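# Structure at a glance
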Amino acid sequence: MNIYKKKKNSGSSYDLKNHYGRKWIWTAIDAPTRLLITFWIGGRELDDARQMLKDLTDRLIEKLLFASDELPHYKTVLGELFHKLVPQAPTGKPGRPKNPERVIDADLDYTTVHKTRQDIKVIKVERKVGHGSDRSILARLANSPSHTITNEFINYPTYDIAMV
């Protein structure tokens, strides 16, 4: 078994994508209890996001506020898991009917944490809405113990998909 680590930031570019043995631990953690709800060990690819989020959503009773870093796979997979297929109105023209439209559930709330850095220091942290509305996300945060979102832990009732 070979074990590697990231090289220090030395100004030289480091090819993470083609790095041998590159693995991530995807976790979903409940912040107040620090309970590990689920985890997945794999790459940082769309299929890994599907595996982890499918397992997480199978364990949920209700849709909660999801928070993560800005990896685009989360938004894609949450849209795949929480949607309805709405049939298209017939056009009256000959040929195949249009495929149903995928409509994301209105009660799905997903936000990301955006960190602005200056050199290695974080100078600004912003919340960006991925699914849902700013109003519904703020309402969920108002009911949580910490009233904030991070991408390290979940702020109940939030599930954070953290990359460790």
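Our structure's up above, just so we're on the same page.
Summarised in this report is the structure supplied together with it. Keep in mind that this is a model prediction, so the values were computed, not measured.

Calculation notes
- Residues numbered from 1 in each chain as written.
- Predicted model: local features only at pLDDT ≥ 70, side-chain atom pairs only at ≥ 80, totals over all residues.
- Heavy atoms only, no water.
- Phe/Tyr/Trp six-rings, centres within 6.5 Å; stacked < 30°, edge-to-face > 60°.
- Helix = DSSP H or I, 4+ residues; strand = E, 2+ residues; numbered from the N terminus.
- Buried < 20%, exposed > 50% of the residue type's maximum accessible area, 1.4 Å probe, protein only.
- Lys NZ or Arg CZ within 6 Å of the ring centre and 35° of its normal.
- Salt bridge = Lys/Arg side-chain N within 4 Å of Asp/Glu carboxyl O.
- Core = buried A, V, L, I, M, F, W, Y, C linked by side-chain atoms within 4.5 Å.
- Patch = residues over 30% accessible without salt bridge, like charges linked within 9 Å, V, L, I, M, F, W, Y side chains within 5 Å.
- Areas by Shrake-Rupley, 256 points an atom, 1.4 Å probe, with all protein chains shown as cover.
- Pairing = 2+ DSSP bridges.

### Details of the packing of aromatic side chains
- Here the structure, examined in full by the defined rule, presents two aromatic pairs.
- Arranged with centres 6.0 Å apart and planes meeting at 45°, the rings of Phe 66 and Phe 82 form a pair that is tilted. Taken together, the residues Phe 66 in strand 3 (residues 65–68) and Phe 82 in the loop between helix 2 (72–81) and strand 4 (83–86) connect sequence positions 16 residues apart. Summarising the burial analysis for this pair, Phe 66 and Phe 82 share the class buried.
- One Lys or Arg, Arg 44, reaches over the ring of Trp 24 and ends 5.0 Å from the middle of that ring.

### Considering the pattern of salt bridges
- Here the structure, examined in full by the defined rule, presents eight salt bridges.
- A salt bridge links Lys 54 to Asp 58; its shortest N-O distance comes to 2.8 Å. Of the two residues, Lys 54 and Asp 58 both sit in helix 1 (residues 46–59), four residues apart, roughly one turn of that helix.
- You can call Asp 58 exposed: its relative accessible area is 51%.
- With a shortest N-O distance of 3.7 Å, Glu 126 and Lys 124 are connected by a salt bridge.
- What makes Lys 124 partly exposed here is its relative accessible area of 45%.

### Quick word on the nonpolar core
- Grouped together as the largest cluster of nonpolar side chains are 18 residues, with contacts concentrated most on Trp 26, Leu 53, Leu 56, Phe 66, Tyr 74 and Leu 78.
- Listed by contribution, the elements that provide at least two residues to this core are strand 1 (24–30), helix 1 and helix 2.
- Ranked by residue count, the leading element in this core is helix 1, at four residues.

### Notes on a nonpolar patch on the surface
- Together, Ile 25, Leu 36, Phe 39 and Ile 41 line one region of the surface with nonpolar side chains, adding up to about 370 Å² of accessible area.
- Per-element accounting of the nonpolar patch gives the leading share, three residues, to strand 2 (residues 35–42).
- You can see Phe 39 is positioned in strand 2.
- Classification of Phe 39 as partly exposed rests on a relative accessible area of 48%.

### Here we look at the environment of Ile 29
- Within the secondary structure, Ile 29 sits in strand 1.
- For Ile 29, a relative accessible area of 14% puts it in the buried group.
- Sequence separation of Ile 29 and Phe 39 is 10 residues, and the distance between their C-alpha atoms is 8.8 Å.

### Observations regarding the pairing of strand 6 (residues 109–118)
- Pairing between strand 3 and strand 6: four bridges, direction parallel. Looking at the pairing, Ala 67 lines up with Thr 111 of strand 6.
- Bridge analysis of strand 6 against strand 7 (residues 121–131) gives nine bridges, and the strand direction is antiparallel. Bridging across to strand 7, Val 113 finds its partner in Arg 127.
- From the end of strand 6 to the start of strand 7, which pair antiparallel, there are two residues, and Asp 119 there has a positive phi angle of about 60°.

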